[in-house]
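Structure assessment
Spelled out from the first residue to the last, the chains are:
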Amino acid sequence: MDFTNLLFLFIFLPIALVIYHIADIKVKEIILLAISLLFYALGSLKYLLLFVTLIVLSVGIGRGINLIKRQYLKRVLLVAGIIANLVPLLYYKYTDFSIETWNQLSGQKISLHNLALPLGISFFTFKAVSYLVDIYRNTAVLAKNPLHDALYLSFFTQVQSGPLSRYNELNFCMNSEIYNRGKLFSEGASRFMIGFSKKILLANMLAMVVDEIYATPFENFTVGFAWLGSICYSLQLFFDFSGYSDMAIGLTEMFGYRCKENFIYPYTTESVSKFWRKWHISLSEWFRDYIYIPMGGSRSKHAWKVYFNLLIVWLLTGIWHGANWTFVVWGLGYFVLISFEKLVGWPERFNSKFTKILWRIVSLFFINVQWILFRSKDLISGFRFIKRLFICNYNEITNTRMLLLMRQYGLFIILAIVLSTPVVPYILKKGEKNIITKTTIEVVVGVIVAFAFIWSISLVLSGLNNPFAYANF
């Protein structure tokens, strides 16, 4: 059940908030756990038993690791817990991919299983692994009640597509002064409305352009048509996923908890490496803390080992994103560019503004091309699309359609480009110097957010609603 679903907006969420906030503080987490399990059942009833089993198993093993004193037994439990969580992920997500690959290599025709993915299985698995590893490392401060652990793993605001918060980050703010003033709830509600509007008004509108262009035969492509499709998809994906993250963060705060940021204007990046410090931050940090650093990270005395570590991380990052060779090549592409930046020391070694700006443009160009592979159904389609970015192919009908798309959706494209930069924070910061200006700007922003949210709801009511891009992960 998506956060933009009318059932969620007008029935599930209001009832959940009322029940939760009128409940005694001693039972709030129990109620929130029940709400989370109900949310999962409504979205993936077929796999509810599997979901509950993995939660119970993970919490049981985690608590066992915490109690046992012998390091050897701790390690055995840790490995068992990680395997228990990885097996369902590997089975449901990669079985058909493995069969397809084997069929292509061997010439056999083994039937596919056509398995439906359990809701949010990739995100749940990574949270479970971090939970177990943090307990093993003694960095997780366990709550007295194991139900808190179960809530961490199942919290409905994050179970579908993150952010990948850590156990110690699920801090209850109900007793704090900030919550008593209602500030946390109001901040969360505002954040939810912003994310909702980003998804409906920008991501979904841009999807109209993207879907049409990707459905067009390549022989009809022109250079401008291809660039319009690729840029619109880069923007669509950003506003879709960052919109979801804003909604998840907002919902988490509305229930009295803090949640980490997941996007910080990634298209303002200075390099390819720094892009991943701004895009899907929680995933980048997960791979850093649980794969890259344990393998030795950048501390190895041998340069080849450092780049080998990067190779493994980016290979796994690609595979995690999807069971398709497009994602593998996509991940390896980032490995190549990030390794190159690390090897030559760019852009830190640049002395002039011009070279820094030039590399920023090169980085954005590379990222944009990478998203084409990310979106394509196979490698051949992806490379044919990329080819059309450079090779001229005049087509009057396509050019006319491109102009019509730009005229119809131009406002949304311009808004998306502007809002992908920190223009709003900049305006808010400038207004802080004068109390009247600050209040005026806040009121104007508040009115715009409310208007955008109402407009977005009207569009959802009219049927304009697409699934979240990361919903199947």
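Up top you'll find the structure we're talking about.
Conventions we followed
Residues numbered from 1 in each chain as written. Predicted model: local features only at pLDDT ≥ 70, side-chain atom pairs only at ≥ 80, totals over all residues. Heavy atoms only, no water. Patch = residues over 30% accessible without salt bridge, like charges linked within 9 Å, V, L, I, M, F, W, Y side chains within 5 Å. Areas by Shrake-Rupley, 256 points an atom, 1.4 Å probe, with all protein chains shown as cover. Salt bridge = Lys/Arg side-chain N within 4 Å of Asp/Glu carboxyl O. Helix = DSSP H or I, 4+ residues; strand = E, 2+ residues; numbered from the N terminus. Buried < 20%, exposed > 50% of the residue type's maximum accessible area, 1.4 Å probe, protein only. Contact = heavy atoms within 4.5 Å. Expected span 1.5 Å × (residues − 1). Bend = angle between axes of the 7 residues up to and from the residue. Phe/Tyr/Trp six-rings, centres within 6.5 Å; stacked < 30°, edge-to-face > 60°. Lys NZ or Arg CZ within 6 Å of the ring centre and 35° of its normal.

This paragraph deals with a nonpolar patch on the surface. Taken together, the side chains of Leu-6, Leu-7, Phe-10, Ile-11, Ile-15, Ile-19 and Leu-461 define a hydrophobic patch exposed on the protein surface, amounting to about 620 Å² of accessible area. Of all the elements, helix H1 (residues 6-22) adds the most residues to the nonpolar patch, at 6 residues. With respect to the helices, strands and loops of the structure, Phe-10 is situated in helix H1.

Another aspect to go through is the side chain of Ser-420. As for its position among the elements, Ser-420 is in the loop between helix H16 (396-419) and helix H17 (423-431). Judged by relative accessible area, which is 6%, Ser-420 ranks as buried. In contact with Ser-420, not counting residues within four places along its chain, are Leu-235, Phe-238, Phe-239, Tyr-265, Tyr-267 and Thr-268.

Moving on: the side chain of Asn-204. Of note, Asn-204 is situated in helix H8 (residues 183-215). Beyond its immediate stretch of four places on either side in the chain, Asn-204 contacts Lys-199, Leu-464, Asn-465 and Asn-466.

Right, let's talk about H16 for a bit. Residue pairs spaced three or four apart in an α-helix point in one direction, given the helix's 3.6 residues per turn. Here H16 is 24 residues long and its end C-alpha atoms lie 32 Å apart, about the 34 Å a rise of 1.5 Å per residue gives. In the structure, H16 departs most strongly from a straight axis at Tyr-409, where the bend amounts to approximately 70 degrees. Within H16, the full set of buried residues consists of Thr-398, Asn-399, Met-402, Leu-405, Tyr-409, Gly-410, Phe-412, Ile-413 and Ala-416. Elements in contact with the buried residues of H16: H8, helix H9 (223-254) and helix H18 (435-461).

So, about the packing of aromatic side chains. For the structure shown, the criterion picks out 67 aromatic pairs. Between Lys-127 and the ring centre of Tyr-152, over which it is positioned, the NZ or CZ distance is 4.4 Å. Sitting over the ring of Phe-468, Lys-199 keeps its end group 4.9 Å from the ring centre.

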